[in-house]
Amino acid sequence: MTPRLELVDLRKSYGDFVAVDGISLAVPDGTVYGLLGPNGAGKTTTLRMIMDIIAPDTGQVLFDGRPRRRDDLEKIGYLPEERGLYRKMSVKDQLAFLGELRGLPRPVAKERAAAWLDRVDLADRSERKVEELSKGQQQKIQIAGTLIHEPEVVILDEPFSGLDPINQGLFKDLLSEYKGEGRTIVFSTHIMEQADKLCDHICLISKGRAVLVGELAAIKRREGGNAYRLTAEGDLGRCAEVEGVTEAVVDEEGGTARLFLADGVDAAAVLTRLVSFLAVRDFRNQEPELEEIFVKVVNDEG
Amino acid sequence: MKGSLNKTFILAKREFFVRIRSKGFWIGTLILPLFMAVLFAVPALIFSSSTSQLDLVMVDATGRVGEAVAARMAERRDDPGSRIAQFSIDVVAPAADRQRQRDELDERLLGEEIDAWVWLDRAGLENDRVEYRARSVSNTFSQDKLEDEISAAVREMRLTEAGYDPQEIRDLIGRVRLSTVRVSAEGSREEAGEAGFILAYGLFFLLYMVLLLWGQQVLQGVLEEKSSRVVEIVVSAARPFDLMLGKLLGIGAAALTQFSIWMVTLVVLTAPGLISSLASAPDLNLPSISAAQALFVVVFFLLGFFVYSSMYAAVGSAFNNLQEAQQLSFVPTAAIILPMFFLLPVINDSNGTLAVITSMVPFLSPILMPLRIAVLTPPLWQVLLSIVITAAFVLLMVWVCARIYRTGILMYGKKPTFKELIKWLSYS
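Overview of the structure. (Residues numbered from 1 in each chain as written. Chains lettered and ligands numbered in written order. Predicted model: local features only at pLDDT ≥ 70, side-chain atom pairs only at ≥ 80, totals over all residues. Heavy atoms only, no water.)

With that out of the way, let us pick up the pattern of salt bridges. Per the stated rule, a full pass over the model turns up 45 salt bridges over all chains. We note a salt bridge from Arg258(A) to Glu292(A), for which the minimum N-O separation is 2.9 Å. In this pair, Arg258(A) sits in strand β13 (residues 256-261) while Glu292(A) sits in helix α9 (residues 290-301), placing the two residues 34 residues apart along the sequence. Linked by salt bridges that have partners in common, Arg14(B), Glu15(B), Arg19(B), Glu225(B) and Lys247(B) make up one network. (Salt bridge = Lys/Arg side-chain N within 4 Å of Asp/Glu carboxyl O. Helix = DSSP H or I, 4+ residues; strand = E, 2+ residues; numbered from the N terminus.)

So, on to the packing of aromatic side chains. Summed over all chains, the structure comprises 13 aromatic pairs over all chains. Ring centres of Tyr228(A) and Phe283(A) lie 5.1 Å apart, and the angle between their planes is 10 degrees; this geometry places the pair in the stacked category. Residue Tyr228(A) is found in strand β11 (residues 227-234), and its partner Phe283(A) is found in strand β14 (residues 278-285); the two are separated by 55 residues along the sequence. Residue classification places Tyr228(A) among the buried residues on the basis of a relative accessible area of 14%. Measuring from ring centre to ring centre gives 6.1 Å for Trp117(B) and Trp119(B), while their planes differ by 70 degrees; the resulting arrangement is edge-to-face. Its relative accessible area of 0% is what places Trp117(B) among the buried residues. Residue classification places Trp119(B) among the buried positions, given a relative accessible area of 7%. Ring pairs connect the aromatic residues Phe160(A), Phe171(A) and Phe187(A), which therefore count as one cluster. Seen from the ring of Trp116(A), Arg119(A) lies directly overhead, with NZ or CZ sitting 5.3 Å from the centre. Of note, Arg238(A) hangs over the ring of Phe277(A), and the distance from its end group to the ring centre comes to 4.5 Å. (Phe/Tyr/Trp six-rings, centres within 6.5 Å; stacked < 30°, edge-to-face > 60°. Buried < 20%, exposed > 50% of the residue type's maximum accessible area, 1.4 Å probe, protein only. Lys NZ or Arg CZ within 6 Å of the ring centre and 35° of its normal.)

What follows covers unusual backbone geometry. Residues and elements named next belong to chain A. Residue Asp64 is not a glycine yet carries a positive backbone phi of 55 degrees. With respect to the element layout, Asp64 can be found in the loop between β4 (58-63) and β5 (66-67). For Asp64, a relative accessible area of 33% translates into the label partly exposed. Here Glu150, not a glycine, exhibits a phi torsion of approximately 50 degrees, which is positive. Turning to its location among the elements, Glu150 is positioned in the loop between α4 (135-147) and β7 (153-157).

The analysis is restricted to geometry; functional conclusions fall outside its scope.
Have a look at this one:
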């Protein structure tokens, strides 16, 4: 099946600085896709090229398997990293305007605006100017404005940065609802923990290049299959000397250790050896944190 | 392309309604017509109130002079606004008891039945004296007039008595009136024409001010979008070009609304005879602007708006805030001020070579052509040619400025130099 959104070898340079250096990826429909990487890796530039805000030097953005057209953008909801609203406009006019701008006929835009204001509990503020609202209320309007045209694809640049905890919760609920409806969500973040919790698929970007692309669970299995977590009483310090263990990170006080096994080593055999000198309470395969994978991959890249 | 036009329209609509719904817009829009109305109406009202009536009783012991004065007064027509009262003269014969008659007349004066009375008799006239009694004797202009006419009547009487033919006398001592012509460095013209030039000056400065103010509105609008960071959300749905065009069209529509209201007011207020009929004053011969003239002025105002405002939009897009933008906003401002250097030559010789050429040059035409139109209607082909040239220039300006704009609106941080702005033109 052709994925809705696909990037083919996108490149963008500003003078000597290469912001995006040949990124290709396909976003499977109905998934939450994370674009991960530190600040300055090229995430925002990539998202802006998807939205046709910046033209790529080379490469293509494909929508439904063909080059993306301007009117495809109406099927996308976009929340940039730097966001804002017209301060002097009333809340309901603002939402209706954003809806109209994204292709809704005016009456529909007005209806949706009212419905969204109900939904985020701001119906009583609908005549107020945006500048009269609190920051948290403005964030709600911003979220509503992003989703008002009920887009099939949602593209969010660092969506949770700057949101207060209530709105973060609201936004996450909305996104899981969207995912449940089979819509596609692409978001960028530099906070790996967030991606770890939310993403089905990821693309790790470093210095403008996609260094790791794929399904998160598969990546974790592949990248960190040999890490084990041991909880035991006894002389944990001797773990590193056990045959088949390449490295042990011991936490003496907590009575735990993380063991990294050599490739091809049978975990059961290692456990047998450990039991000989420790009272083992728990021994389990541990998925690596995304953070670790990222650091490892970036280091491998040199 | 259709979608693009649609977006431009949605954006223009937003700009228009945000402005139209603000109180400031309407205060600004309505204050000027009010001011104009006052400017035109007050002098008219003053003139009409000053042509007061003076009720005069003339006790005539000569039996001739009184009637002659009354007849001369009725013939004489003074210029409106000359602060001379219209006399209503009641000629009476002296009563038997003169002292009693005088006391009665004084009483009528104090009772405000009459405004003044004079006593004409042989004895007084021989001494060249006529007694004028009134509550107020400060209306010297009116007294001069009375004095003039009595003198003339007495002169006529004396000459008749000396045996001259009355008709001959009238021909010989006929009144001479001054016809005023002002001579100045710009050449001589009749005073009424001067008022037309005042109107042209007024229109020039109005255009200059309004183009400057609305240009600043565009500058601020672009900067506000940028500083509030809403711009990226908008350009994810509409092209930067659509955004800029929408902004220019929307703000332009608001500016047009305001300017049209002003021009209609001007046309109505200066319509010949309107003010004078309202104020029941004589026709003041004020300068007037016809509806056709006003229409052309509005067209040039719109063209000027697009020329200058597209530059303001480009400047606004390149900077982060108003302070930074001030450094470069002198470029469009200078373009608006430029026509001022040609103001005098164009007004003096509005169909001369310099005037014809400058009213075709794009940066000058939006202000100089309306000036020519207000002074004197230039040939229609010149007006139309100027419109075509300026409109073509508008397209060029919008295209050039849009290229700076679409790079500028997403640039934050370091403020660009003029050189960099020029470089942005070449970005694809």
